[in-house]
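Below are the chains, spelled out letter by letter.
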Amino acid sequence: ENSIGESNTECVFKTAWCNSLSSLFQVVHAHKPHFMALHCQEFGGKNYEASMSHVDKFVKELLSSDAMKDYNRARVYLDENYKSQEHFTALGSFYFLHESLKNIYQFDFKAKKYKKVTGKEIYSDTLESTPMLEKEKFPQDYFPECKWSRKGFIRTRWCITDCAFDLVNIHLFHDASNLIAWETSPSVYSGIRHKALGYVLDRIIDQRFEKVSYFVFGDFNFRLDAKAVVETLCAKATMQTIRAADTNEVVKLIFRESDNDRKVMLQLEKKLFDYFNQDVFRDNNGTALLEFDRELSVFKDRLYELDISFPPSYPYSEDSSQGRQYMNTRCPAWCDRILMSHSAKELILKSENDEKIVIYDHIGPNVCMGDHKPVFLSFRIAAGAGKPIANVHKCCVVQ
């Protein structure tokens, strides 16, 4: 409930915050990771000017919570400088190291050396001067209609027992209009995401630093092929086009059943995707729609992903009583993903006797955590997995 003087926006933010922490701690308790990486996008919420004051409280609670008491080292990187339009990404990257984990090092991109990780450190505001990461906002000409938003990436590099890898926090461009996304297959927005993701992959394997395996995870904003989805869901429907009286611009599409009293199946507007039966996106985790999840296929030679066995991660209702309900704003899609290089795939320990040793799933299926459901990947790194990679064994002898 709202307290006196507290806006509804703040209440929603705090509810999502509490549910996020509770659900995260459940995953930590269940899997007991020795190294934990947490990547956040739109940190502070979409209304970050008003909500950024809550961020410090969130970080302090996360670091001091009983669930995290065995993690005696941490690195937190928060891009909070929202007044800098040129650089602000609203990304937050958290890394926690269990007390039992020995010999872990982080790469200094300026000194080009690995440094031993000790204690807990928080970096915020401007991250441009922090040598322990690379942060970049996409070039302005990448932005649709050249309108600045908070899209970009943060990269860190780690070395654990001779195994070196990059962790990249990423936020790609969203779909601005359902009607435009519906026009072509693939959509114009898909092309923009393709270009931006290619830019990130080229940056992290360029010649400035030694190549290592990498994991890229965050909000890719990958969407289902809208035209193919609509044509499939409304295969037996008739379409009515509504145009603006003054401009003749299409503002709404209505798909009706050919019989059954012309029942409305789908209404499509710029920010409306109102399909009459949401169960199709939830039943069997929505796997019937995975054939329309095509954006990653362009990168099949560069990126690998485990099989998806969870429902679309976006757009969930922000009503705290509707944890499983989707909003009727966009077609549900698997926006939030964990991808890896093919060499990183080889780092993951696989056991023929225990298929559950690698788990790719979502968090908080029944609680409101904002309009996205976080996803997680739990795995073990095979002993000595990094040693076949040239020169990696040398990484941990410096500082």
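Residues numbered from 1 in each chain as written. Predicted model: local features only at pLDDT ≥ 70, side-chain atom pairs only at ≥ 80, totals over all residues. Heavy atoms only, no water.

If you check an unreviewed UniProt entry, the protein appears there as inositol-polyphosphate 5-phosphatase from Serinus canaria. Under the UniProt heading Sequence similarities (unreviewed entry), the entry covering the protein gives this text: "Belongs to the inositol 1,4,5-trisphosphate 5-phosphatase type I family." (UniProt positions renumbered as here; feature names shortened; annotations may be inferred.)

Further remarks concern helix α3 (residues 55–64). Owing to its 3.6 residues per turn, the α-helix brings residues three or four apart onto one side. Along α3, the positions that sit buried rather than exposed are V55, F58, V59, L62 and L63. Each buried residue of α3 lies within a common arc of 125° when the element is viewed along its axis, so the set occupies one face. Turned more than 90 degrees away from the buried face of α3, the exposed residues are K60 and S64. (Buried < 20%, exposed > 50% of the residue type's maximum accessible area, 1.4 Å probe, protein only. Helix = DSSP H or I, 4+ residues; strand = E, 2+ residues; numbered from the N terminus. Arc of directions from axis to C-beta.)

The next point concerns empty space enclosed by the protein. This model, assessed by the stated rule, comprises two cavities of 30 Å³ or more. Lining the largest cavity are 13 residues; nearest its centre among them are D175, N178, L224, A226 and C331. In terms of residues, the lining of the largest cavity owes the most to one element, helix α4 (residues 178–183), which gives three residues. Residues belonging to the lining of the largest cavity are distributed by class as follows: nine nonpolar, one polar and three charged. Taken as a whole, the second largest cavity encloses approximately 40 Å³ of empty space. Lining the second largest cavity are F273, Y275, Q278, F281, Y326, M327, N328, R330 and P332. In terms of residue class, the lining of the second largest cavity is made up of six nonpolar, two polar and one charged. (1 Å grid on protein atoms, 1.4 Å probe; cavity = no way out; pocket = protein on both sides within 12 Å on 5 of 7 lines; lining within 4 Å. Points joined across faces, edges and corners; volume = space filled by probe spheres on them. Nonpolar A, V, L, I, M, F, W, Y, C, P; charged D, E, K, R; others polar.)

With respect to the helices, strands and loops of the structure, H39 is situated in strand β1 (residues 35–40). Looking at H39, the relative accessible area reads 11%, which means it is buried. In terms of polar contacts, H39 uses its side chain to reach the side chain of Y95, at 2.8 Å. Only 3.2 Å separates the side chain of H39 from the backbone oxygen of F217, close enough to count as a polar contact. Residue contacts for H39: discarding those within four places in its chain leaves G92, S93, Y95, L167, V168, N169 and F217. (Polar contact = N/O pair within 3.5 Å; in protein donor to acceptor, adjacent residues only side chain to side chain. Contact = heavy atoms within 4.5 Å.)

Our next topic: the sheet that holds strand β12 (residues 250–257). The strand order β11-β12-β13-β14 describes an open sheet built from four strands, whose pairing is antiparallel. Looking at the sheet topology across the chains shown, the edges are occupied by β11 (237–243) and β14 (272–275). Within this sheet the neighbouring strands show an average axis-to-axis angle of 15°, counted without direction. Pairing geometry for strand β13 (residues 264–269) and β14, over four bridges, is antiparallel. Opposite E269, over in β14, you have L272 as the bridge partner. (Pairing = 2+ DSSP bridges. Axes fitted to C-alpha atoms, helices over the stretch in contact; angles between N-to-C directions.)

Turning to the environment of S213, a few remarks are in order. Along the chain, the position of S213 falls in strand β10 (residues 213–219). S213 sits in the buried class, given a relative accessible area of 0%. When the C-alpha positions of S213 and E346 are compared, they lie 9.2 Å apart, and in sequence the two are 133 residues distant. Only 2.9 Å separates the side chain of S213 from the side chain of S343, close enough to count as a polar contact.

It is worth spelling out the environment of G364 at this point. Turning to its location among the elements, G364 is positioned in the loop between β16 (359–362) and β17 (375–378). When its relative accessible area of 10% is taken as the criterion, G364 is described as buried. For the pair formed by G364 and I160, sequence separation is 204 residues and the distance between their alpha carbons is 29 Å. The contacts of G364, once residues within four sequence positions are left out, are S23, M369 and K373.

Take the pattern of salt bridges next. Counted by the stated rule, this structure contains 21 salt bridges. One salt bridge in this structure joins D225 and R294, with 3.1 Å as the shortest N-O distance. Separated by 69 residues along the polypeptide, D225 in the loop between β10 and α6 (226–233) and R294 in the loop between α7 (279–282) and β15 (336–340) bring together distant segments of the chain. Overall, the relative accessible area of 10% leaves D225 in the buried class. (Salt bridge = Lys/Arg side-chain N within 4 Å of Asp/Glu carboxyl O.)

Pairing is mixed across the open sheet formed by four strands, whose spatial order is β1-β3-β2-β6. Every interior strand has two partners, whereas the edge strands, β1 and β6 (120–123), have only one. Direction aside, neighbouring strands of the sheet carry axes that sit 10° apart on average. Pairing analysis gives seven bridges linking strand β2 (residues 71–78) to strand β3 (residues 92–98), with the strands arranged antiparallel. Residue pairing across strands places A74 opposite F96, the latter belonging to β3.

Along the chain, the position of E80 falls in the loop between β2 and β3. We note that E80 is buried and unpaired, the nearest opposite charge coming from K60 at a distance of 11 Å. If we skip the residues at most four places from it in the chain, E80 touches M52, V55, D56, F88, S124 and D125. (Lys, Arg positive; Asp, Glu negative; His and termini not counted.)

The next point concerns the pairing of strand β5 (residues 113–116). Bridge count for strand β4 (residues 104–108) against β5 is four bridges, and the pairing is antiparallel. Looking at β5, one finds that F107 is bridged to Y114. In this structure, the hairpin formed by β4 and β5 is closed by a connection of four residues, where K112 is found at a positive phi of approximately 55°.

All right, on to the environment of E86 then. Note on placement: E86 falls in the loop between β2 and β3. Here the alpha-carbon distance between E86 and Q140, two residues 54 residues apart in the chain, equals 8.6 Å. Sequence-distant contacts of E86, that is, excluding residues within four places in its chain, are made with K137 and W148.

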